[in-house]
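Descriptive analysis of the structure
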Amino acid sequence: MRLVEDPTYFAGVQRNPGRSVALVSGGGSGHEPLHGGFIGPGLLDAVAPGQVFASPHNRQVYEASRAVALPGGVVHVVKNYTGDRINFGIAAERLRDEGIPVGRVLVHDDVATESAHTATGRRGTAATLLVEKILGAAADRGATLEELVRLGTAVNDRSRSIAVASEFLTSVHTGARMHELAPGQVEYGIGIHGERATLSTPFADLKTLITRMLDDVLASLGTLTGRGSILFVNGLGSATPLELYAIYSIAVERLAVLGIDVAARLVGTFVSALDMHGFSLSLLDLAEDDWLGLWQADACAAGWNGLH
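Residues numbered from 1 in each chain as written. Predicted model: local features only at pLDDT ≥ 70, side-chain atom pairs only at ≥ 80, totals over all residues. Heavy atoms only, no water.

Regarding the overall build of the protein
A count of helical and extended segments in the protein gives seven helices and 12 strands. For 308 residues, the compact-globule estimate of 2.2 N^0.38 gives 19 Å, and the protein sits close to it at 18 Å. Reported as C-alpha extents along the three principal axes, the dimensions of the protein are approximately 55 × 45 × 35 Å. Expressed as a percentage of contacts within the protein between residues at least 6 apart in sequence, the contacts between residues at least 24 apart total 74%. When the accessible surface of the protein is summed, it comes to about 12400 Å², and 52% of that surface belongs to carbon and sulfur atoms. Between the averaged position of the 24 positive side-chain charges in the protein and that of its 33 negative side-chain charges there is a distance of 2 Å. (Helix = DSSP H or I, 4+ residues; strand = E, 2+ residues; numbered from the N terminus. Rg over C-alpha atoms; globule rule 2.2 N^0.38 Å. Contact = heavy atoms within 4.5 Å. Areas by Shrake-Rupley, 256 points an atom, 1.4 Å probe, with all protein chains shown as cover. Lys, Arg positive; Asp, Glu negative; His and termini not counted. Charge placed at Lys NZ, Arg CZ, Asp CG, Glu CD.)

Written out as structure tokens, the structure is:
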């Protein structure tokens with residue numbers, strides 16, 4: 001991976017020769033290893049990082065995309081936040097003006113903001129990595145821009161996430177916790193930038209909390225296809241591996257009771273929120289037969305440890 005400093009972006013130095021369309025993502029810093037840790041064969045070609053919790057400038061996205069563009073064009077993987085949508089959109093217009101085809105996959109998986117009262121709809125959170133991994137494998141197999149956009153959109157449509165935290169992250173401006181939770185409370189539906197949830201809820205026990213989270217995710221997904229699922233247990237910054245695997249164990253047991261097969265897993269801190277003590281659960285319903293194979297395809301990147 002190489003770093004370009006003006007404007008700032010990261011670009012890969014190796015990629016599969018079968019790839020004809022480049023994959024570019026980005027967003028605010030503070031969520032590491034997303035996105036910079038996922039540059040490499042089988043994943044992304046370039047990333048535009050913004051300041052902490054701030055969208056990258058459109059010039060960063062433009063230069064990163066231009067640097068790695070392939071004959072088939074570039075697909076942008078964009079999380080559903082206003083700044084990201086605007087700046088990736090401006091960059092895409094500039095690239096198209098130069099004759100570079102550009103497609104967009106918008107990730108919006110957070111059921112905590114799935115409400116008629118939320119003008120922007122579901123936020124883009126941990127399922128971004130699920131989309132990037134599957135698209136990376138498909139791109140390495142020679143998928144076209146149109147095929148990648150259709151695939152990424154379909155994967156997003158069958159992915160949902162929700163996050164909780166027992167302690168807010170530390171503000172980079174004040175050095176103090178962004179908010180304080182009362183003893184015995186958890187923030188249910190917290191955002192990856194520390195956005196407050198609709199409510200704080202009493203913490204009864206982990207099994208009850210995970211059951212509620214999965215019920216909300218499944219209610220949003222609706223009827224599953226029956227091809228199995230990918231369960232992603234993601235740490236938000238301060239959760240330990242022991243805690244995350246305990247959460248995974250409870251979640252997979254709950255899904256088994258519901259008759260839902262977990263065909264693959266991912267457990268670890270991949271989409272963090274600085275030092276927040278919490279976790280998110282994501283579920284991808286494997287709606288197509290080839291999605292599992294794409295997920296399991298080889299990939300090589302600094303932040304990808306292959307726990308799937």
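Don't stop here, the text continues.
Section: the pairing of strand β4 (residues 46-52)
The buried fraction of β4 is high, at five of seven residues. Inspection of the sheet shows strand β3 (residues 22-29) paired to β4 by five bridges, in the parallel sense. The residue of β4 that forms the bridge with Val24 is Ala46. (Buried < 20%, exposed > 50% of the residue type's maximum accessible area, 1.4 Å probe, protein only. Pairing = 2+ DSSP bridges.)

Focus: the side chain of His31
By secondary structure assignment, the location of His31 is in the loop between β3 and β4. Here the side chain of His31 touches His193 through a polar contact of 3.4 Å, side chain to side chain. Setting aside residues no more than four positions away along its own chain, His31 makes contact with Phe53, Ile192, His193, Phe270, Val271, Ser272 and Ala273. (Polar contact = N/O pair within 3.5 Å; in protein donor to acceptor, adjacent residues only side chain to side chain.)

Observations concerning the sheet that holds β3
With respect to topology, six strands assemble into an open sheet ordered β1-β2-β4-β3-β5-β6, the strand pairing being mixed. If you trace the sheet from one side to the other, it starts and ends with β1 (2-5) and β6 (102-107), each paired once. Here the average twist between neighbouring strands, direction ignored, is 20 degrees. Sheet strands in contact with helix α1 (residues 58-68) are β1, β2 (8-11), β3, β4 and β5 (74-79), and its direction is about 25 degrees off that of β2. Docked against the sheet, helix α4 (residues 145-157) engages β3, β5 and β6, running at close to 5 degrees with respect to β6. (Axes fitted to C-alpha atoms, helices over the stretch in contact; angles between N-to-C directions.)

A short note on the environment of Tyr245
In this structure, Tyr245 sits in helix α6 (residues 241-257). For Tyr245, a relative accessible area of 31% gives the class partly exposed. Note: C-alpha distance between Tyr245 and Leu34 (211 residues apart in sequence) is 20 Å.

Comments concerning helix α5 (residues 206-221)
Counting along an α-helix, one turn takes 3.6 residues, and residues three or four places apart therefore face a common direction. If you check α5, its first and last C-alpha atoms are 23 Å apart, about what 16 residues at 1.5 Å a residue would give, namely 22 Å. Where α5 is concerned, the buried positions are Leu209, Ile210, Thr211, Met213, Leu214, Val217, Leu218, Ser220 and Leu221. Elements that come into contact with the buried residues of α5 comprise α4, β7 (159-167), β8 (185-188), α6 and β12 (277-285). Where α5 begins, the side chain of Asp205 points an oxygen toward the backbone nitrogen of Lys207, at a separation of 3.1 Å. Two residues or fewer past α5, Gly222 is found with a positive phi of approximately 75 degrees. (Expected span 1.5 Å × (residues − 1).)

Points about unusual backbone geometry
Of note, the bond from Asp6 into Pro7 is cis; its omega dihedral lies within 30 degrees of zero at -5 degrees. Within the fold, Pro7 resides in the loop between β1 and β2. Residue Pro33 is reached from Glu32 by a cis peptide bond, and omega for that bond is 10 degrees. Checked against the element boundaries, Pro33 lands in the loop between β3 and β4. Backbone geometry at Phe53 places phi at a positive 60 degrees, although glycine is not the residue there. Of note, Leu274 is a non-glycine position whose phi angle comes to about 55 degrees, a positive value. Looking at where Leu274 falls in the secondary structure, it is placed in the loop between β11 (262-268) and β12. Using a relative accessible area of 30% as the deciding quantity, one classes Leu274 as partly exposed.

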